[in-house]
Each structure stands twice: as structure tokens, then as C-alpha cells.
Amino acid sequence: HRDLHSFPTRRSSDLAVESAVIQAFSVLGMRDFCRIDLRLKSGIPYILDVNDLPDLAPASGFARTAAAAGYAYPAILDTILNIALTREGWHGARD
């Protein structure tokens with residue numbers, strides 16, 4: 001499966017977005033997953049909202065965004081679950 005920090009293309013604005021969301025995720029103490037809404041203005045990402053528990057339904061914005069980035073719905077759920085199981089040290093966490 002794809003690394004959760006990777007983007008399909010690598011333009012300078014993509015790198016700025018990636019850096020901004022990773023920094024926000026860390027600074028705000030997020031864990032496992034979240035949804036970060038942002039807008040680009042002149043290539044600069046501006047974070048509008050951070051949702052620490054976004055809707056995971058198949059028709060949700062989170063699922064649609066993951067699909068647009070190339071993630072299959074079951075795979076993204078499995079990845080989120082595996083990250084949490086690994087963080088908690090549960091045996092049986094899957095790769």
C-alpha cells in the first residue's frame with residue numbers, strides 16, 4: 001500500500017502542503033489519523049480546520065479524498081486500524 005505521507009505528484013506546492021499537514025498533525029498532538037482542510041493561496045497552504053475524528057463512511061469527504069489520492073476504501077480503514085493497534089502494542093497488528 002502507499003505511504004500515508006506520499007502524494008501522487010511532487011510539485012513545490014505539494015511539498016508545502018505535505019510539510020504543513022505533517023507539522024500541524026504533530027504540533028496538535030494528533031495520532032493515527034485526522035482530516036486537515038486547507039486552501040492554497042499563491043502556493044502557500046493555509047490550514048482552515050483540523051478534524052481529529054472525521055467521518056469514515058464510504059461517501060464521506062475523508063474516504064473520497066483518500067480515493068482521489070489512490071487509496072482503496074478497505075485499505076485505508078485497515079491502515080488506520082493497524083496504526084492504532086501498533087501504537088497500543090497489541091499483538092496481531094497486521095502489515
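Residues numbered from 1 in each chain as written. Predicted model: local features only at pLDDT ≥ 70, side-chain atom pairs only at ≥ 80, totals over all residues. Heavy atoms only, no water.

As for the confidence of the model for the chain
Part 1 of the reasoning: Per-residue confidence for the chain averages 85 on the pLDDT scale, and 83% of its residues sit at or above 70.
Part 2 of the reasoning: The lowest-confidence element of the chain is helix α2 (residues 61–68), averaging 90 in pLDDT; the highest-confidence one is strand β2 (residues 44–51), averaging 94. (pLDDT = per-residue confidence, 0-100. Helix = DSSP H or I, 4+ residues; strand = E, 2+ residues; numbered from the N terminus.)

Section: the pairing of strand β1 (residues 35–41)
Part 1 of the reasoning: Across seven bridges, β1 lies against β2 in antiparallel orientation. Paired with Lys 41 across the strands is Ile 44, a residue of β2. (Pairing = 2+ DSSP bridges.)

A word on unusual backbone geometry
Part 1 of the reasoning: Even without a glycine there, the phi angle at Asp 32 is positive, about 75°.
Part 2 of the reasoning: If you trace the backbone, Asp 32 turns up in the loop between α1 (12–27) and β1.
Part 3 of the reasoning: Residue Asp 32 is classed as buried on the basis of its relative accessible area, which comes to 19%.
Part 4 of the reasoning: In this structure, Ser 42 takes a positive phi of about 55° despite not being glycine. (Buried < 20%, exposed > 50% of the residue type's maximum accessible area, 1.4 Å probe, protein only.)

Brief notes about helix α3 (residues 73–87)
Part 1 of the reasoning: Taking 1.5 Å of rise per residue, the 15 residues of α3 would be expected to cover 21 Å, and the 22 Å separating its terminal C-alpha atoms lies within 8% of that figure.
Part 2 of the reasoning: For α3, the full list of buried residues reads Ile 76, Thr 79, Ile 80, Asn 82, Ala 84 and Leu 85.
Part 3 of the reasoning: The secondary structure elements touched by the buried residues of α3 are α2.
Part 4 of the reasoning: In the segment just after α3, Gly 89 is the residue with positive phi, at about 75°. (Expected span 1.5 Å × (residues − 1). Contact = heavy atoms within 4.5 Å.)

Some thoughts on α2
Part 1 of the reasoning: Within α2 the residues assigned to the buried category are Phe 62, Ala 63 and Ala 66. Angular distribution of buried residues about the axis of α2 spans 95°; they occupy a single face of the element. Residues of α2 that are exposed and angled more than 90 degrees away from the buried face: Arg 64, Thr 65 and Ala 68.
Part 2 of the reasoning: Where the residues of α2 are buried, they touch β1 and α3.
Part 3 of the reasoning: Positive phi appears at Gly 70, one or two residues downstream of α2, with a value of about 100°. (Arc of directions from axis to C-beta.)

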